Each structure stands twice: as structure tokens, then as C-alpha cells.
Amino acid sequence: MYRRSFLAALTGGGLAAASGFAAHRPRLIDGARRGRGDPVSVTRTITDESITYDADRDTIRYPTLVGSDGPIESRSEPFVLWANRRCASVGSEVVLPAIADRVDGEPTGIGKGVRGVSFGLAITVSATTTRDRDGAVVSEPTLSVERLVGVTPATVSATIAFDGREHTRHVPVFVEESEVSYL
């Protein structure tokens, strides 16, 4: 009895392992396409005085709630976790300017963000069509999605420096389409 249960579990696990990544594809990849443009890079020194580094513990302490008089609540975490998030955030800041340079102008209807997926953080570029209450198009992106995918950097190599530490992360960039409607 136990042998059959063990073999059934082993076979099921083997099938799941054989299917690999496809069985657990992150939602972002299902609905988005990876940028195909040349990678870009950015380096930024973080100078926020409300963030402190503890070298003995290799941790960062940063505010999580800020009031009019300054930080109210703070949190500590390992430097690498904080730096990975900060790299994605800093990297997202150079994506739209890179796209604008590649199409000779500022495209409209295009936004950017950072999203967590099963493999970490990714930068998203969104082409958004806006419709009124009757479904008529009010505004739409000035670039086709095909063109946007072609000029969007595939990756942003983001480096941050803080208090003598440096961290680099290569953040993938995905393009997605979205529609919004007036309520």
C-alpha cells in the first residue's frame, strides 16, 4: 500500500518536474511579452538620510511610515533584499526615456511600473487604451504593441551604491496591453 502511494507521488512529481517552468509560469509572463530592444543601464547613489546601513549585520533600516515630522515606523532587512528592490525601482526610471529615444519622441499612453513575479521583480511597460462609458476609444498608445516590444529594453542593468556598498541587478522588462474604462 505504502509502496503504491510512494510510486504514485514519485511519478506525479516526475511529471511536474519534467514539465518544468511551463507548469508554474508566472502570471506576468502569460499576459506580457519580453522587451526585445537593446539593454540599458543605470547607476544611482542613494543619499536618503532616513536610510541607514548596519555593517555588522549587513542590514538596511528604512522608514515604512513617514509623517510630517519625519519617519514614524521603520523596518530592517538584509542589504541584498533591499538592494534588489531598489535596483528594480531605479531601473524602471530609465525605461520610458530609453523608449522615447528609440522612437524619436515622447510616446503617449505608455506607462511603467515594477511588479513581483515568481522569479523576483520585473519592470513592466504598459500600453493603455482608455474608453468612455459607451466603449468608444478616448485615448490610445501612439505606438503599436509590436513596435513597443521591439524598442523596449529586454533588460535594465541597475546598480545602486549606498554607504560604501554597491549592488547590481539585471532586471527583465515586459510589455503588456491594458484597457481602462470610465465608470
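The rules behind each value
- Residues numbered from 1 in each chain as written.
- Predicted model: local features only at pLDDT ≥ 70, side-chain atom pairs only at ≥ 80, totals over all residues.
- Heavy atoms only, no water.
- Helix = DSSP H or I, 4+ residues; strand = E, 2+ residues; numbered from the N terminus.
- Expected span 1.5 Å × (residues − 1).
- Buried < 20%, exposed > 50% of the residue type's maximum accessible area, 1.4 Å probe, protein only.
- Salt bridge = Lys/Arg side-chain N within 4 Å of Asp/Glu carboxyl O.
- Phe/Tyr/Trp six-rings, centres within 6.5 Å; stacked < 30°, edge-to-face > 60°.
- Core = buried A, V, L, I, M, F, W, Y, C linked by side-chain atoms within 4.5 Å.
- Contact = heavy atoms within 4.5 Å.
- Pairing = 2+ DSSP bridges.
- pLDDT = per-residue confidence, 0-100.
- Axes fitted to C-alpha atoms, helices over the stretch in contact; angles between N-to-C directions.

A separate point is helix α3 (residues 79-92). Taking 1.5 Å per residue as the helical rise, α3 with its 14 residues ought to reach 20 Å, and the 20 Å between its terminal C-alpha atoms agrees with that figure. Among the residues making up α3, those that are buried are Phe-79, Trp-82, Ala-83, Cys-87, Ala-88, Val-90, Gly-91 and Ser-92.

What follows concerns the pattern of salt bridges. For the coordinates displayed, the defined rule picks out nine salt bridges. Across the salt bridge formed by Glu-176 and Arg-115, the nearest N and O atoms sit 3.0 Å from each other. Placement of Glu-176 in strand β10 (residues 165-181) and of Arg-115 in strand β6 (residues 110-117) is noted, with a sequence separation of 61 residues between them. Through salt bridges with shared partners, one network takes in Arg-33, Arg-36 and Glu-146.

Once that is clear, we can look at the packing of aromatic side chains. Counting across every chain of the model gives three aromatic pairs. Both rings, one in Phe-79 and one in Trp-82, keep their centres 5.9 Å apart while their planes meet at 45 degrees; by these two values the pair is tilted. Remark: Trp-82 and Phe-79 occur in helix α3; sequence separation between them is three residues, near one turn of the helix. For the pair formed by Phe-79 and Trp-82, the shared burial category is buried.

All right, on to the nonpolar core then. Grouped burial of nonpolar side chains is what soluble globular proteins tend to show. Core analysis: the largest hydrophobic core is formed by 34 residues, its most contacted members being Ile-60, Trp-82, Val-125, Leu-148 and Val-156. Taken together, the elements giving at least two residues each to this core come down to β2 (40-45), β4 (59-67), α3, α4 (95-102), β7 (120-131), α5 (145-151), β9 (155-162) and β10. Examining the composition of this core, we find that six residues originate from one element, α3, more than from any other. Those residues in contact with Val-125, other than ones at most four positions away along the chain, are Val-95, Ile-99, Ile-110, Gly-111, Lys-112, Leu-148, Thr-152, Val-173, Phe-174, Val-175 and Glu-176.

The next point concerns the pairing of β7. The sheet contact formed by β6 and β7 spans eight bridges and is antiparallel. Looking across to β7, one finds that Gly-111 is bridged to Ser-126. What sits between the antiparallel neighbours β6 and β7 is a turn of two residues. By the bridge criterion, two bridges tie β7 to strand β8 (residues 137-139) in an arrangement that is antiparallel.

Take the pairing of β10 next. The two faces of a sheet get side chains in turn, since along a regular strand they alternate between them. Where strand β1 (residues 33-34) lies against β10, two bridges are found, and the strand directions are antiparallel. Residue pairing for β10: Arg-34 is matched across the bridge by Phe-174. Here β7 runs beside β10; their pairing, made up of nine bridges, is parallel. Bridging across to β10, Thr-130 finds its partner in Val-180. Judged from the eight bridges that link them, β9 and β10 form a sheet pairing that is antiparallel.

So, on to the confidence of the model for the protein chain. Residues with a pLDDT of 70 or more make up 84% of the protein chain, whose mean pLDDT is 86. When the elements of the protein chain are averaged for pLDDT, helix α1 (residues 2-19) gives the smallest value, 46, and β2 the largest, 98. Scored below 50 in pLDDT, residues 5-27 shows eight contacts in the model against residues more than four places distant or in partner chains.

Quick look at the sheet that holds strand β5 (residues 70-78) now. Read across the sheet, three strands follow the order β3-β4-β5 without closing on themselves; strand pairing throughout is antiparallel. A strand with exactly one partner marks an edge of an open sheet, and here the two such strands are β3 (52-54) and β5. For this sheet the average axis-to-axis angle between neighbouring strands, irrespective of direction, equals 30 degrees. Against the sheet, α3 makes contact with β3, β4 and β5, and its axis sits at roughly 110 degrees relative to β5, the strand it touches most.

Turning our eyes to something else, we now look at unusual backbone geometry. Most peptide bonds are trans, and most residues other than glycine sit at a negative phi. Although it is not a glycine, Asp-58 adopts a positive phi angle of roughly 55 degrees. Structurally, the position occupied by Asp-58 is in the loop between β3 and β4. The backbone of Asp-163 sits at a positive phi, close to 50 degrees, despite the residue not being glycine. Assignment of secondary structure puts Asp-163 in the loop between β9 and β10.

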